[in-house]
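Residue strings, one per chain:
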Amino acid sequence: MKNIKVIFKKELKDMLRDRRTLIFMILFPLLFVPLIVAGLPKLISSISEKNFNETLTLAVVGESYAPELINQYRETENLIVVTNVPVDSINQRISDETIDGAIVIYEEFKNNLQNMIPVQVDLYFRSSDDLDAKKRRFEKVLLDFSDTIKTNRYEVLNLDQQIFTPIEIRYNNIASQKERIGKSAGGWLPYLFILYCFMGAMYPALDLGAGEKERKTLETILVSPASRLEILLGKFGVITTFGLLSAIMGLIGLSIGINFMDVLPEEIHTVLKDMLDFKTIGIILTLVVPVAIFFAAILLSISLYGRTYKEAQSLIAPLNIVVIFPAVIGTIPGIKFNAMTAAIPIVNISLATKEVIAGTIEIPLLFEVYLSLLILAGLAIFLAVKMFNNENVIFRG
Amino acid sequence: MIELKNVTKYYKTTKQHKKEKNDRISGKYFKGVDDISFTCQPGRVFGLLGPNGAGKTTTLRMISTILKPTSGTISVLGFDTTRQASEVRNHLGFLTGNTGLYDRLTAEEMVKYYADLYGMDKATYRQRRDKLFHLLGMEEFANRRNGKLSDGMKQKVSIARTMIHDPQVIVFDEPTEGLDVMTSRSIINLIRLCRDEGKTVIFSTHRMGEVGQLCDDLAIIHNGRLFYNGTYKDFLSGMKTETLEDEFIRLTGEEA
């Protein structure tokens, strides 16, 4: 036990003096998380703002058939109406961006409207993004125009608009806002911790395993009175600590982002603050502990197998996907937290966290998550011990 | 005292071994060391001479408990290296020519780390540390980080690290390999000092010159097997050729 402490203290000191580890473990989560929290909504809103405010050019064909409608287009802000564009050149002009869209009105427009026959109008645009800003801006004028005509017809025919709404649904979602946000967005929170936990543990694991081989210090520590198990546990303790520290730094970064960066809408801000109370954070952290142990053990095993730092690094790279993939699965809406999914490591953290944040966690399932993670951590430690006791691994030529 | 009795070490064959069509391969195994026996006495320097890949490092690693023999027994100061590995390590110092240091620790911290692992109390550590640092002229760079030290200084830190617990048995695995003349000299002086203090010293080398400089007893190892085991004096008087090199080739029956 004394030797484990000696080794732990030495490795901790050694790693704390390593700039690269410190940057990845402390600085990166501390700066990067607030940037995501604050920067992402800002980025999205600035993109959508740009899409809805930029000046668009609309070509009009057949203006004389619907002068009132086209007038409304002319009165719309940030919209330029051009005429004299031949119909057969519309596609080409939209493609080479000389115009943003076109509206083609046909001869029967006025006549059909008067006779209450549906009239067709062609709207041309090019839209491939989700926001569909151009289409929505062009069609808005048409829809408004259509609504005005509808209202007029009700009056002319002396009809009450209400008769066209036979059923009026009143929506009463009893899920609290906390529950809704928790279930939909709560999954990414552990994802963040899992990622930081992995990244924080990765560099110390590389340095304390393969790095020690490469520096040719492994042989001397093996000749010291410390047993292999003691050496392994000392190293393992430091790697776990760094993984956890990194996750905690990510958490601090998150609370800085939420509390001190005034960019989130008031409503979301309040819910987020409410969501991230001490109890929730506490439970999430207790879920991260066995994951940190698992990561530390598995990373150290791989690192010890590598002949050099570089080789170990390339062996660890695919593990990133193995870790990220289940964490992402847990964030997909619709995947239920039940006795089966609670047993799948990493996926279960994302799912359990959603429930914890939403306040709907079932205690037996939570224990199943702990059990599944602890079994996995235990297996990983067993593997690491086996690897460290294997001459063929330690002196792999 | 170190005693090896019929020690054999097999490794699993690697692709490299198979490529070389090595005659040390037997089935799935490669004979790293094949049935070797010798004894190293306290107060004498035992030299293990052989070319690269002869089995020197494997032998020394087995003595140091890092590797376990496939068969045969090794005892160090009466302790069995397999069953009483921890006792063996408590009394053993191990140094190689390319031993690494922790670059982010200072020379002082490096030596203290090992003293702590050997369970040394503060007073004994202080006494031993002062003696070694003075002897090796390490005080001026004691608080500098290992990564900032010259090769010579680094080797001194390694020596202090090896000797801090005053081991009774010291294993030197090609200790002068890759070192300059001055640094090699400090190692050779250290080996002599250890002998004079009555310690058991074993060192491996592929340099014939070092054997003459240091050895009291000699073993010649080649392809995992021993070709000579006796005193250096007897070796010299029994020589049938002019030079050490020629004698080595005559004994091993191998022409390079």
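Criteria and thresholds
- Here the residue index of a chain counts from 1 through its sequence in written order.
- Written order determines the labels here, with chains lettered from A and ligands numbered from 1.
- Reporting of local features is limited, given that this is a predicted model, to residues whose pLDDT is at least 70; pairs of side-chain atoms are given and counted only at 80 or more, and all residues count toward the totals for whole chains, interfaces and linings.
- Hydrogens are left out, water is left out, and the side-chain values use all remaining heavy atoms of the structure.
- Helix and strand assignments come from DSSP, with helices taken as H or I runs of at least 4 residues and strands as E runs of at least 2, each series counted from the N terminus.
- To sort residues, take the accessible area from a 1.4 Å probe on protein chains only and compare it with the maximum for the residue type: under 20% means buried, over 50% means exposed, and anything in between is partly exposed.
- Per-residue and other accessible areas were derived by the Shrake-Rupley procedure at a 1.4 Å probe size, with only the shown protein chains allowed to occlude residues.
- None of His or the chain ends enter the tally, which takes Lys and Arg as positive and Asp and Glu as negative.
- Taken as the charge centre is NZ of Lys, CZ of Arg, CG of Asp or CD of Glu, depending on the residue.
- Residue ranges for the domains originate in an automatic or database domain assignment.
- Note on method: axes are straight lines fitted to C-alpha atoms, helices fitted across the in-contact stretch only, with angles between N-to-C directions ranging 0 to 180 degrees.
- Roughly parallel refers to an angle under 35 degrees, roughly antiparallel to one over 145, roughly perpendicular to one between 65 and 115, and oblique to any angle outside these ranges.
- Left-handed describes a crossing whose near helix is turned anticlockwise from the far helix through less than a right angle; right-handed describes the clockwise counterpart.
- Any two residues whose heavy atoms approach within 4.5 Å are treated as being in contact.
- The nonpolar class holds Ala, Val, Leu, Ile, Met, Phe, Trp, Tyr, Cys and Pro. Asp, Glu, Lys and Arg form the charged class, and all remaining residues, Gly among them, are polar.
- Here, nonpolar core means buried Ala, Val, Leu, Ile, Met, Phe, Trp, Tyr and Cys residues that are tied together by side-chain atoms lying within 4.5 Å of each other.
- The quantity reported as buried area is the accessible area (1.4 Å probe) lost by two parts once they are put together, taken as the sum for both.
- We define a salt bridge as a side-chain nitrogen of Lys or Arg found within 4 Å of a carboxyl oxygen belonging to Asp or Glu.
- Counted as a polar contact is a pair of N or O atoms within 3.5 Å, where, for protein atoms, one must be capable of donating a hydrogen and the other of accepting one, and residues adjacent in sequence contribute only when both atoms are in side chains.
- Strand pairing requires that DSSP identify at least two bridges connecting the strands.
- Side-chain rings of Phe, Tyr and Trp, where Trp is taken by its six-membered ring, are said to pair if the distance between their centres is within 6.5 Å; with planes under 30 degrees apart they count as stacked, over 60 as edge-to-face, and otherwise as tilted.
- Criterion for a charge above a ring: Arg CZ or Lys NZ at most 6 Å from the ring centre, at most 35 degrees from the ring normal.

K.L.:
Help me understand the overall build of chain B in this model?
P.N.:
Tallying secondary structure elements over chain B gives 10 helices and 11 strands in all. Expressed along its principal axes, the backbone C-alpha trace of chain B runs to roughly 50 × 40 × 35 Å. Taken across its 256 residues, chain B has 52% of its residues classed as buried. Only carbon and sulfur atoms are counted for the fraction: they give 47% of the accessible area of chain B, which is about 11700 Å². Positive and negative charge centroids in chain B, built from 38 and 33 side chains respectively, lie 6 Å apart.

K.L.:
Sorry, what's going on with the domain arrangement of chain A here?
P.N.:
When the parts come together, some accessible area is lost, and that loss is often what is quoted as the size of the interface. Split into domains, chain A comes out as domain 1 (2-38 + 177-394) and domain 2 (55-164). Relative to domain 2 of chain A, the C-alpha centre of domain 1 of chain A lies at a distance of 56 Å.

K.L.:
So what exactly am I meant to see when it comes to the packing of helix α2 (residues 19-53) of chain A against helix α11 (residues 228-260) of chain A here?
P.N.:
Residues and elements named next belong to chain A. Put simply, α2 and α11 touch, their axes get as near as 7 Å, and they point 25 degrees apart. Overall, the two elements α2 and α11 adopt an arrangement that is roughly parallel. α11 is crossed by α2, and the crossing has right-handed handedness. Where α2 approaches α11, its residues T21, F24, M25, I26, P29, L30, V33, P34 and V37 are matched on the opposing element by F242, L245, S246, M249, G250, I252, G253, L254, I256, G257 and I258. For the contact of α2 with α11, the class distribution of residues is 15 nonpolar, five polar and no charged.

K.L.:
Is there a simple way to explain the nonpolar core in this structure?
P.N.:
Core analysis: the biggest nonpolar cluster contains 154 residues, and F295 and L299 of chain A together with I63 of chain B have the highest contact counts within it. Sorting elements by how many residues they give to this core places helix α13 (residues 278-305) of chain A first, with 16 residues. When residues no more than four places from it in sequence are discounted, the contact partners of L299 of chain A are F198, A201, M202, A205, I316 and L319 of chain A.

K.L.:
Where do I start with the interface of chain B and chain A in this structure?
P.N.:
Contact with chain B, which involves 30 residues of that partner, is made by 28 residues of chain A. Taken together, both faces of the contact between chain B and chain A bury some 2700 Å²; the carbon and sulfur share is 54%. Sorting the residues of chain B by area buried against chain A places Y102, R104 and L117 of chain B first, and these three jointly supply 27% of that buried surface. There are seven salt bridges connecting chain B and chain A. Between R61 of chain B and E219 of chain A there is a salt bridge, with the nearest N and O atoms lying 2.5 Å from each other. At the boundary of chain B and chain A, one finds 14 residue pairs in polar contact (both at pLDDT 80 or more). For the side of chain B that touches chain A, the secondary structure elements donating two or more residues are β1 (2-12), α3 (85-90), β7 (92-96) and α4 (107-117) of chain B. Counting residues per element, the side of chain B that touches chain A draws most heavily on α4 of chain B, which supplies five residues. Among the residues making up the side of chain B that touches chain A, the classes are represented as 11 nonpolar, nine polar and 10 charged.

K.L.:
Please explain the sheet that holds strand β4 (residues 45-49) of chain B as it appears in this structure.
P.N.:
In sheet architecture, strand pairing relies on hydrogen bonds along the backbone and comes in two forms, parallel and antiparallel. All names here are of chain B. Pairing in this open sheet of six strands is mixed, and the strands run β7-β8-β9-β4-β10-β11 from one edge to the other. At either end of the open sheet lies a strand with only one pairing partner, and these are β7 and β11 (225-231). Shown here is a sheet whose adjacent strand axes are inclined to one another by a mean of 15 degrees, direction ignored. In terms of strand pairing, strand β8 (residues 169-173) meets strand β9 (residues 200-205) through five bridges, oriented parallel. Across the sheet, V171 pairs through a bridge with I202, a residue of β9. Contacts from helix α6 (residues 151-163) reach β7 and β8 within the one sheet, and its direction differs from that of β7 by about 160 degrees. Running over the sheet, helix α10 (residues 244-252) touches β4, β10 (217-222) and β11 and is turned about 55 degrees from β10.

K.L.:
Help me understand the environment of G147 of chain B, please; the structure alone is not making it clear to me.
P.N.:
Counting through the fold element by element, G147 of chain B comes out in the loop between α5 (122-136) and α6. For the pair G147 of chain B and D103 of chain B, spaced 44 residues apart in sequence, the C-alpha separation works out to 4.0 Å.

K.L.:
Which parts of the structure should I look at to understand the pattern of salt bridges?
P.N.:
Between side chains of opposite charge, a pair can form as their charged atoms come close. Per the counting criterion, the structure on display carries 32 salt bridges over all chains. Here D18 of chain A ties to R104 of chain B by a salt bridge, and the two come within 3.7 Å at their closest N and O atoms. Remark: R104 of chain B occurs in the loop between β7 and α4 and D18 of chain A occurs in the loop between α1 (2-16) and α2; the pair is interchain, linking two chains. For R104 of chain B, a relative accessible area of 16% translates into the label buried. Here the residues in one salt-bridge network are K10, E11, D14, D18, D207, E212, R215 and K235 of chain A together with R104 of chain B, joined through shared partners.

K.L.:
Help me out: how do you make sense of the packing of aromatic side chains in this one?
P.N.:
The way to describe two aromatic rings as a pair is by their centre distance and the angle between their planes. All names here are of chain B. With the rule as written, the count across this model stands at 12 aromatic pairs over all chains. When the ring centre of F133 is taken as origin, the NZ or CZ atom of R129, which lies over that ring, is 4.1 Å away. Just above the ring of Y114 sits the side chain of R161; from NZ or CZ to the centre is 5.2 Å.

K.L.:
Sorry, what's going on with the environment of I284 of chain A here?
P.N.:
All names here are of chain A. Following the sequence through the fold, I284 ends up in helix α13. On the basis of relative accessible area, I284 is assigned to the buried category, the value being 0%. The spatial distance from the C-alpha of I284 to the C-alpha of L300 is 24 Å, given a sequence separation of 16 residues. Excluding residues within four positions of it along the chain, I284 makes contact with L189, F193 and T353.

K.L.:
Which parts of the structure should I look at to understand the environment of T13 of chain B?
P.N.:
Residues and elements named next belong to chain B. Looking at the secondary structure, you find T13 in the loop between β1 and α1 (15-20). Residue T13 is classed as buried on the basis of its relative accessible area of 16%. Sequence spacing of T13 and K31 is 18 residues, and the spatial spacing of their C-alpha atoms is 8.9 Å. The residues touching T13, leaving out its near neighbours within four places in the chain, are K18, I25, G27, K28, Y29 and F30.

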